[in-house]
Amino acid sequence: MRLVVGLGNPGEKYAGTRHNVGFDVVAELAKRFGAGKPQNNYQADFYDVQIRGEKVLLIAPLTYMNRSGESVWQFVRFYQPEMSEIVVVCDDMNLPTGKLRWKPSGSAGGQKGLSDIIQRLGQETFPRLRLGIDRPPGKMDVTSWVLGKFRDTEKDPIELAVVRAADSVENWVSEGIEPTMNKYNRQSEEA
């Protein structure tokens, strides 16, 4: 079983914000695979789907970004996947808007939801998919930036990135991390 964890903040107030691109990827995958209404448990909405013959849980923690680890830890404790069978999808201010970056493991790189998951699991050896949201302009506050909606000029690139991210998750399920990194990190550089 695979766990695909999309990070974000719950509630209509945060829908469409930069911090919620992980939720957007989970929603795109749920739509693709006809998941219907989400189930709710372990402080998350989640969908149980089949992707390329594999059972996959698409998870959107409802704990708010900075406490995402609480929910993820409960899923890991119950389902006991290998760390390589979990991917966390999150925003990244260090990448240009719409760029994708897969990594097999590593630090949180300043992403607080990812940091909380690492802390709760006690390790950082799980894959992650980062979607670029760019840095705030000028001296704009980081919190205002990540909790803000995308500008009109960013909407098309981010919608395309969400679709590409969902494609890459499908690829990860069937091909694994290395082929997915080789294909989608390179495509992102060329985009």
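Look above for the structure.
Residues numbered from 1 in each chain as written. Predicted model: local features only at pLDDT ≥ 70, side-chain atom pairs only at ≥ 80, totals over all residues. Heavy atoms only, no water.

A. Local environment of the nonpolar core. Val4, Leu58, Trp102, Leu129 and Leu131 are the most contacted members of the largest nonpolar core, which totals 33 residues. No other element matches the eight residues that helix α5 (residues 152–175) contributes to this core. Not counting residues up to four positions away in its chain, the partners in contact with leucine 58 are Val4, Val26, Leu29, Ala30, Asp45, Phe46, Tyr47 and Val49. By size, the runner-up hydrophobic cluster in this structure holds 22 residues, among which are Val5, Ala44, Leu57 and Ile118. (Core = buried A, V, L, I, M, F, W, Y, C linked by side-chain atoms within 4.5 Å. Buried < 20%, exposed > 50% of the residue type's maximum accessible area, 1.4 Å probe, protein only. Helix = DSSP H or I, 4+ residues; strand = E, 2+ residues; numbered from the N terminus. Contact = heavy atoms within 4.5 Å.)

B. Just the side chain of arginine 130, in detail. Assignment of secondary structure puts arginine 130 in strand β7 (residues 128–132). For arginine 130, the side chain forms a polar contact with the side chain of aspartate 92, separated by 3.3 Å. Contact partners of arginine 130, with chain neighbours within four places excluded, come to Cys90, Asp92, Leu95, Lys99, Leu100, Arg101, Ser107, Ala108, Gly109, Gln111 and Leu114. (Polar contact = N/O pair within 3.5 Å; in protein donor to acceptor, adjacent residues only side chain to side chain.)

C. The side chain of asparagine 171, seen in detail. Within the secondary structure, asparagine 171 sits in helix α5. Taking relative accessible area as the criterion, asparagine 171 reaches 8% and is therefore assigned buried. One polar contact links asparagine 171 to threonine 180, side chain to side chain, over a distance of 2.8 Å. The contact partners of asparagine 171, leaving out residues within four places of it in the chain, are Arg52, Gly176, Pro179, Thr180, Lys183 and Tyr184.

D. Quick look at helix α3 (residues 112–121). Within α3, the full set of buried residues consists of Gly113, Leu114, Asp116, Ile117, Ile118 and Leu121. Contacts from the buried residues of α3 go to α2 (68–79), β5 (86–92) and β7. In this structure glutamine 111 caps α3, since a side-chain oxygen of it lies 2.8 Å from the backbone nitrogen of glycine 113. The positive-phi residue at the C-terminal boundary of α3 is glycine 122, with phi of around 75°.

E. Representation of the environment of methionine 83. Mapped onto the secondary structure, methionine 83 falls in the loop between α2 and β5. Distance from methionine 83 to leucine 58, taken between C-alpha atoms, is 16 Å for residues 25 residues apart in sequence. Look past the residues within four positions of methionine 83 in its chain and what remains in contact with it is Val76, Leu121, Gln123, Thr125, Phe126 and Pro127.

F. The arrangement of the packing of α2 against α3 in detail. Orientation of α2 relative to α3, taken along the N-to-C sense of each, is 45°, at an axis distance of 7 Å. Judged by the inter-axis angle, α2 sits oblique to α3. At the point where α2 passes α3, the crossing takes the right-handed sense. Along the contact surface, α2 presents Ser68, Gly69, Glu70, Val72, Trp73 and Val76, while α3 presents Gly113, Asp116, Ile117, Arg120 and Leu121. Classifying every residue of the contact of α2 with α3 gives five nonpolar, three polar and three charged. (Axes fitted to C-alpha atoms, helices over the stretch in contact; angles between N-to-C directions. Parallel < 35°, antiparallel > 145°, perpendicular 65-115°, else oblique. Left-handed = near helix turned anticlockwise from the far one by under 90°. Nonpolar A, V, L, I, M, F, W, Y, C, P; charged D, E, K, R; others polar.)

G. Main features of the environment of leucine 29. With respect to the helices and strands, leucine 29 occurs in helix α1 (residues 21–32). Leucine 29 sits 141 residues away from glutamate 170 along the chain, and the two C-alpha atoms are 8.6 Å apart. Beyond its immediate chain neighbours, meaning those up to four positions away, leucine 29 contacts Val4, Ile51, Leu58, Ala166, Val169 and Glu170.

H. Focus on the pattern of salt bridges. Applying the stated criterion to the full structure yields eleven salt bridges. The partner of arginine 32 in a salt bridge is aspartate 167, with the nearest N and O atoms 2.7 Å apart. With arginine 32 in helix α1 and aspartate 167 in helix α5, the pair connects residues that are 135 residues apart, well separated along the chain. A salt bridge links glutamate 170 to arginine 52; its shortest N-O distance comes to 3.6 Å. Pair noted here: glutamate 170 is in helix α5 and arginine 52 is in the loop between β3 (44–51) and β4 (54–61), with a separation of 118 residues, a long-range link. Looking at glutamate 170, the relative accessible area reads 13%, which means it is buried. Classification of arginine 52 by relative accessible area gives partly exposed; the value is 48%. Several salt bridges converge on common partners, so that one network encompasses Glu28, Lys31, Arg32, Arg52, Asp167 and Glu170. (Salt bridge = Lys/Arg side-chain N within 4 Å of Asp/Glu carboxyl O.)

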